[in-house]
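Residue strings, one per chain:
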Amino acid sequence: MVFEKIAEMIADKVDMDVSEIKPETTLEDLGIDSLDVTEIAMDIESEFDIEFEADASMTTVADIVAAVEKKVG
């Protein structure tokens, strides 16, 4: 559930089909820059009602999903 929702958010941000986004897809592969990461983080906070701050160690979609899953329990 968390992966699917985050994949949808990212797909909307980069204007691509959600089916193209896999857990191992890197943010660099998607052309996501630091501003995009900040906007996605704000969307995640709103969607999951959590405090979320993306950091430089998050390089793949799976990294973001794992961090969100840790916060939502």
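Notes on the structure in this doc start here. Note that the structure is predicted; figures quoted are calculated from it, not measured.

Next up on the list: a negative patch on the surface. A grouping of Asp-12, Asp-15, Asp-43 and Glu-47 is seen on the molecular surface, where their side chains present a negatively charged patch. As for its placement among the helices and strands, Asp-12 is situated in helix α1 (residues 2–14).

Turning our attention to the packing of α1 against helix α3 (residues 61–72). Helices that pack against each other are described as a pair by the angle of their axes relative to one another and the distance between those axes. Across the interface, α1 lies against α3 with an axial gap of 10 Å and an inter-helix angle of 125°. Taken as axis vectors, α1 and α3 run oblique relative to one another. Crossing geometry of α1 relative to α3 is assigned as right-handed. For the pair α1 and α3, contact is made by Val-2, Phe-3, Ile-6 and Ile-10 and by Val-61, Ile-64, Val-65, Val-68 and Glu-69, respectively.

Once that is clear, we can look at unusual backbone geometry. Residues other than glycine seldom take positive phi values, yet Asp-15 does so here, at roughly 55°. Within the fold, Asp-15 resides in the loop between α1 and α2 (34–48). One non-glycine residue with positive phi stands out, namely Asp-49, at about 55°. Within the secondary structure layout, Asp-49 lies in the loop between α2 and α3.

This part is about α3. The terminal C-alpha atoms of α3, which comprises 12 residues, lie 17 Å apart, in line with the 16 Å expected from a rise of 1.5 Å per residue. Taken from the residues just after α3, Gly-73 is the one with a positive phi, measuring 85°.

Let us look at the pattern of salt bridges. Using the criterion set out here, one finds two salt bridges in the structure. Of the charged contacts in the structure, one is a salt bridge between Glu-8 and Lys-5, with a shortest N-O distance of 3.5 Å. Here Glu-8 pairs with Lys-5, and both are found in helix α1, just three residues apart, close to one helical turn. When its relative accessible area of 37% is taken as the criterion, Glu-8 is described as partly exposed. One salt bridge connects Lys-13 with Glu-39, and the closest N-O pair in it is separated by 2.3 Å. A residue pair is termed long-range when its members are at least 10 positions apart, and Lys-13 in helix α1 and Glu-39 in helix α2 qualify at 26 residues. Given a relative accessible area of 30%, Lys-13 falls into the partly exposed group.

Procedures and definitions
Residues numbered from 1 in each chain as written. Predicted model: local features only at pLDDT ≥ 70, side-chain atom pairs only at ≥ 80, totals over all residues. Heavy atoms only, no water. Patch = residues over 30% accessible without salt bridge, like charges linked within 9 Å, V, L, I, M, F, W, Y side chains within 5 Å. Areas by Shrake-Rupley, 256 points an atom, 1.4 Å probe, with all protein chains shown as cover. Salt bridge = Lys/Arg side-chain N within 4 Å of Asp/Glu carboxyl O. Lys, Arg positive; Asp, Glu negative; His and termini not counted. Charge placed at Lys NZ, Arg CZ, Asp CG, Glu CD. Helix = DSSP H or I, 4+ residues; strand = E, 2+ residues; numbered from the N terminus. Axes fitted to C-alpha atoms, helices over the stretch in contact; angles between N-to-C directions. Parallel < 35°, antiparallel > 145°, perpendicular 65-115°, else oblique. Left-handed = near helix turned anticlockwise from the far one by under 90°. Contact = heavy atoms within 4.5 Å. Expected span 1.5 Å × (residues − 1). Buried < 20%, exposed > 50% of the residue type's maximum accessible area, 1.4 Å probe, protein only.

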